[in-house]
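Now for the letters of each chain:
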Amino acid sequence: MSHHEHLLILDFGSQYTQLIARRVRALRVYCEILPCTVPFERIRSFGARGIVLSGGPASVEAPGAPIVEPELFSLGIPVLGVCYGQQLIAKLLGGRVAKATAREYGPARIEVLASVGPFASFVEGQRLEVWMSHGDRVDELPPGFVPLAKTAAGPFAAMGDLKRRLYGVQFHPEVVHTPQGTQMLASFLDECGFARDWTMGSFVESAVATIRAQVGGERAICGLSGGVDSAVAAMLLHRALGEKLRCVFVDNGLLRRGERAEVEQTFGHRFHLPLTTVDASARFQEALSGVEDPEQKRKIIGKTFIDAFEEAVQGDQAEHGEAKFLAQGTLYPDVIESVSFKGPSATIKSHHNVGGLPERMRLELIEPLRELFKDEVRAVGRELGLPESIVSRQPFPGPGLAVRILGAVTPERLEVLRGADAIVREEVDRAGLMESIWQAFAVLLPVKSVGVMGDERTYDNVCAIRAVHSTDGMTADWVRLPYELLATISSRIVNEISGINRVVYDVTSKPPGTIEWE
Ligand code: XMP
């Protein structure tokens, strides 16, 4: 994709690398992350206006520690090394790096020594809170470098070669615990000469042009799931291709109440996307019949989806003509994950997506969102006029309610859970908490308990409520929902949903729990 100016972030394996990218983009500069292992030619031809070298877990002195071609420092563009990045600059350019006598982890105070580079908007002698996390440190500056900041424990908390515009900081400007970190990154970007005018509007424009160039006059298919990513991908493709786009929505029967109607209403009627809905609920129900094991359920749902989707697309093509492209709502974190310097993370649950489909169907893949983070996808959705109810919607797993019904999935249990889930969503929404909570939902347990209603003994299902805060789904904490809200949810569920006589609240964080129960 052509962005008129961009920054390159070379990843040395830090857990914070993605954060650097997010901060930079929030400062309206387009950037990409590449693993430090890419051939130097790729870096050169990337044409960046500035480069950031990320932190990393290794010691630059350890055998086999990741490095870059020193030629990088002669490209004539500004470079900022963060933590490991700074140590690497020092080592490669003739300085010295050693084990820090006093390891610094956590908050520290630096004193600015020169008002240049990342510190251009601060004054000499100013003290700033920063976040450190390092065992090694620069002990001797390379020739041409001067100290830019110091701490009580170390004289080179930041360094710079002002002539070549090479900078290093020992701390992490990208984390929130460095309150002025964004300001430092902004100064570095200004030093690189960025106009800082990258917006979602400009993204939409260039994405539309790229899609048109890639697809030519051919036709494309986009799977709609009701989630934000596929919704935004479909809208973008529709803007680029108009009637050459077909959207296919597979109703697996595992959706929440009203979901299918909302998809048809929003995309079919309101935005006039060419939409084919396939009701595959019976097929999913049959495939899942009697299956209790969570992984087996996920595998069956994944496979059934691919079969149903493929058939739907074939049917659609027979009616509307051959398509050559399949769109997928892959996001940047997935792209980074798969090329990461550390390698893809271990699989805890087999997640459900359309991986493998394009090859099998001999369709070429289009991924219009592969450069965006989730919050950027939402911004693009708003730019494209999607309603807030879709744009800011909570994540919902591909296997749907099946992973929230512990044990076998039956039409009756689905109906019970749908009712409880609708109440949770309604009440969380009424309390104004929908957007501040990552996910809030109900889970139907394979447990019955005794209760009393009127003068009658009951023996019915237990329903768990789960609500979590998270920024990426990787870690999460349970939400301290107001007791009054929990009380309302609980009494509404037991009163309105026949089949549930007890409600419990899940107070487990992730880790050790996962967000979904299966
Ligand atoms: P877990 O349960 O692994 O979930 O803590 C993390 C996040 O991922 C969502 N999730 C899925 N999303 N397909 C998806 O598209 C899946 O198979 C799937 N399983 C879990 C979950 O809702 C949470 O946001």
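The rules behind each value
Residues numbered from 1 in each chain as written. Predicted model: local features only at pLDDT ≥ 70, side-chain atom pairs only at ≥ 80, totals over all residues. Heavy atoms only, no water. Helix = DSSP H or I, 4+ residues; strand = E, 2+ residues; numbered from the N terminus. Phe/Tyr/Trp six-rings, centres within 6.5 Å; stacked < 30°, edge-to-face > 60°. Buried < 20%, exposed > 50% of the residue type's maximum accessible area, 1.4 Å probe, protein only. Expected span 1.5 Å × (residues − 1). Arc of directions from axis to C-beta. Contact = heavy atoms within 4.5 Å. Salt bridge = Lys/Arg side-chain N within 4 Å of Asp/Glu carboxyl O. Pairing = 2+ DSSP bridges. Axes fitted to C-alpha atoms, helices over the stretch in contact; angles between N-to-C directions.

> What exactly am I supposed to notice about unusual backbone geometry here?
Glycine aside, residues mostly have negative phi, and peptide bonds are mostly found in the trans state. A cis amide bond, omega -15°, links Lys 510 with the succeeding residue Pro 511. With respect to the secondary-structure elements, Pro 511 resides in the segment after strand S18 (500–505). Cis geometry marks the peptide bond from Pro 511 to Pro 512; its omega dihedral reads 10°. By secondary structure assignment, the location of Pro 512 is in the segment after S18.

> Sorry, what's going on with the packing of aromatic side chains here?
Note on aromatic pairs: each is described by the distance of the centres and the angle between the planes. By the definition in use, this model includes seven aromatic pairs. When the centroid spacing of 5.2 Å and the interplanar angle of 55° are considered together, the rings of Tyr 30 and Trp 198 count as tilted. Of this pair, Tyr 30 sits in strand S2 (residues 30–35) while Trp 198 sits in the loop between helix H4 (181–192) and helix H5 (200–215), and the two are 168 residues apart along the sequence. Exposure remark for Tyr 30: the relative accessible area of 2% places this residue in the buried category.

> Honestly, helix H7 (residues 259–270) in this entry has me stumped. Any pointers?
Two residues of an α-helix separated by three or four positions point the same way, owing to the 3.6 residues in each turn. The end-to-end C-alpha distance of H7, which contains 12 residues, comes to 15 Å, matching closely the 16 Å that a straight helix rising 1.5 Å per residue would cover. For H7, the complete set of buried residues consists of Glu 259, Val 263, Thr 266, Phe 267 and Gly 268. Along H7, the residues classed as buried sweep out an arc of 165° about the axis, all on the same side. Close packing links the buried residues of H7 with strand S10 (220–224), helix H6 (228–241), strand S11 (245–251), strand S12 (275–279) and helix H13 (388–391). Count one or two residues on from H7 and you reach His 272, which has phi positive near 55°.

> Sorry if this is basic, but what is going on with the pattern of salt bridges here?
Should the charged atoms of two oppositely charged side chains come close, the side chains can pair. For the coordinates displayed, the defined rule picks out 41 salt bridges. Residues Asp 251 and Arg 260 are paired through a salt bridge, measuring 3.0 Å at the closest nitrogen-oxygen approach. We classify Asp 251 as buried; its relative accessible area is 9%. For Asp 279, the salt bridge goes to Arg 260, with nearest N and O atoms at 3.5 Å. One end of the pair, Asp 279, is in strand S12; the other, Arg 260, is in helix H7, and 19 residues separate them in sequence. Residue class for Arg 260 comes out partly exposed when judged on its relative accessible area of 26%. Each of Glu 426, Glu 427, Arg 430, Arg 492 and Glu 496 takes part in a single network of salt bridges with overlapping partners.

> Help me out: how do you make sense of the pairing of strand S4 (residues 79–82) in this one?
Successive residues of a regular strand alternate their side chains across the two faces of the sheet. Both faces of S4 are covered, namely the face carrying Val 79 and Gly 81 and the face carrying Leu 80 and Val 82. With four bridges joining them, S4 and strand S9 (residues 166–169) adopt parallel strand pairing. Across the sheet, Gly 81 pairs through a bridge with Gly 168, a residue of S9.

> Would you mind showing me how to read the sheet that holds S9 here?
Strands belonging to one sheet form pairs held by backbone hydrogen bonds; the direction of such a pair is parallel or antiparallel. Ordered in space as S2-S1-S3-S4-S9-S8-S7-S5-S6, the nine strands form an open sheet in which the pairing is mixed. Strands with a single pairing partner mark the edges of an open sheet, and in this sheet they are S2 and strand S6 (127–140). Across the sheet, the mean angle from the axis of one strand to that of its neighbour is 20°, orientation sign disregarded. Bridge analysis of strand S1 (residues 6–11) against strand S3 (residues 50–53) gives four bridges, and the strand direction is parallel. Bridge pairing in S3 places Leu 10 opposite Leu 53.

> Explanation requested: the side chain of Thr 17 in the structure shown.
Locating Thr 17 in the fold gives a position in helix H1 (residues 17–26). Judged by relative accessible area, which is 4%, Thr 17 ranks as buried. With near-sequence residues (within four places) excluded, Thr 17 lies in contact with Ile 9, Asp 11, Ile 33 and Ser 54.

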